Amino acid sequence: MSLLHAVAIFGAGIIAGTINTVVGSGTLFTFPILLTFGYAPVVANVSNTVGLVPGSVSGALGYRRELAGQTRRGLPLAIASATGAVVGSVLLLTLPASAFKAIVPAFICIALVAILLQPRLSRAVRARRHEGVRDAGTQQAGALATVAVFGSGVYGGYFGAAQGILLLAILGLALDDELQRINALKVVLAGLVNLIAGLIFVFVANVAWLPALLIAVGSTVGGVIGARGGRRLPPWALRAVIIVVGIVAIVRLL
């Protein structure tokens, strides 16, 4: 690996860690970079998942104040996310690589649509919330939302781009709470999916360790940036860049 490639992967890790903490879809930065540098799609996806785990941890630590009081409602959702991650990662490892190459462009398209619809989803979330909710942290998500979180876990274990946006929509419509508290819970659930899938991949999959390490260090830095100041990024510019990168990834896969 050349120095230029290493710097590019590290930089993509910082961007991905920041974006995953703020909203989600950081995979659309790191995954195409690995494809561009010649890694096979499944190897790129596995290495990317492993590398993004530390960024999720640093992002969650940055949101620890918003996470206070959410243990009771977060535990069932965490179980659903973890179970979904196992299912998704097993599907990735058992289905042929040709299936991944055929399916992932569609997943990226779904991610890009979710990113385009994100402002509308955010408005729906704000409309769903009511001011002055009492004991919002103890509110349970409900069975339907828990099943939806399980589905997002399956998606995240298999690929994961824009999993955070899907989780924000699910949690925002199911829970009557402040958006930053919902986002904090999203960071934990998406990070748990990455952690479970990453652990499975470490033991049974082919991980490109140097890119994974570069992404891990970069995403850790990005997670801190996202938790502290990433909310100030211009949303329109962020969506535009992600969409361009996603299109590049689709073209590269096809």
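Residues numbered from 1 in each chain as written. Predicted model: local features only at pLDDT ≥ 70, side-chain atom pairs only at ≥ 80, totals over all residues. Heavy atoms only, no water.

Draft legend 1. Up close: the side chain of Ser219. One can find Ser219 in helix H10 (residues 209–228). Here Ser219 falls in the buried class, since its relative accessible area comes to 0%. Every residue in contact with Ser219, bar those within four places of it in the chain, is listed here: Gly13, Ile14, Gly17, Gly51, Leu52, Pro54, Gly55 and Ser58. (Helix = DSSP H or I, 4+ residues; strand = E, 2+ residues; numbered from the N terminus. Buried < 20%, exposed > 50% of the residue type's maximum accessible area, 1.4 Å probe, protein only. Contact = heavy atoms within 4.5 Å.)

Draft legend 2. Geometry of a nonpolar patch on the surface. Together, Leu93, Leu195, Leu199, Val202, Phe203, Val204 and Trp209 line one region of the surface with nonpolar side chains, adding up to about 690 Å² of accessible area. Among the elements that take part in the nonpolar patch, helix H9 (residues 179–204) stands out by supplying five residues, more than any other. Within the secondary structure, Val202 sits in helix H9. (Patch = residues over 30% accessible without salt bridge, like charges linked within 9 Å, V, L, I, M, F, W, Y side chains within 5 Å. Areas by Shrake-Rupley, 256 points an atom, 1.4 Å probe, with all protein chains shown as cover. Salt bridge = Lys/Arg side-chain N within 4 Å of Asp/Glu carboxyl O.)

Draft legend 3. Here's a closer look at the packing of aromatic side chains. For the coordinates displayed, the defined rule picks out six aromatic pairs. Relative to Phe159, the ring of Phe100 lies with its centre 6.3 Å away and its plane at 70 degrees, an arrangement referred to as edge-to-face. One end of the pair, Phe100, is in helix H6 (residues 97–128); the other, Phe159, is in the loop between helix H7 (143–158) and helix H8 (163–174), and 59 residues separate them in sequence. Each of the two residues, Phe100 as well as Phe159, counts as buried. Between Phe107 and Tyr158 the ring centres are 5.7 Å apart and the planes differ by 85 degrees, which places this aromatic pair in the edge-to-face class. (Phe/Tyr/Trp six-rings, centres within 6.5 Å; stacked < 30°, edge-to-face > 60°.)

Draft legend 4. Quick look at the packing of helix H1 (residues 3–22) against H9. For the pair H1 and H9, interaxial distance at closest approach is 8 Å and the crossing angle is 130 degrees. Classed by the angle they form, the pair H1 and H9 counts as oblique. Touching Asn20, Thr21 and Val22 of H1 are Asn183, Lys186 and Val187, all from H9. Across the contact of H1 with H9, the residue classes break down as two nonpolar, three polar and one charged. (Axes fitted to C-alpha atoms, helices over the stretch in contact; angles between N-to-C directions. Parallel < 35°, antiparallel > 145°, perpendicular 65-115°, else oblique. Nonpolar A, V, L, I, M, F, W, Y, C, P; charged D, E, K, R; others polar.)

Draft legend 5. Expanded view of the nonpolar core. Core analysis: the biggest nonpolar cluster contains 55 residues, and Val149, Phe159, Leu171 and Leu189 have the highest contact counts within it. Ranked by residue count, the leading element in this core is H6, at eight residues. If near-sequence neighbours (up to four positions away) are discounted, Leu171 is found in contact with Leu77, Val149, Ile182, Leu185, Lys186 and Leu189. Of all hydrophobic cores here, the second largest spans five residues; its members include Ala60, Tyr63, Ala184 and Ala227. (Core = buried A, V, L, I, M, F, W, Y, C linked by side-chain atoms within 4.5 Å.)

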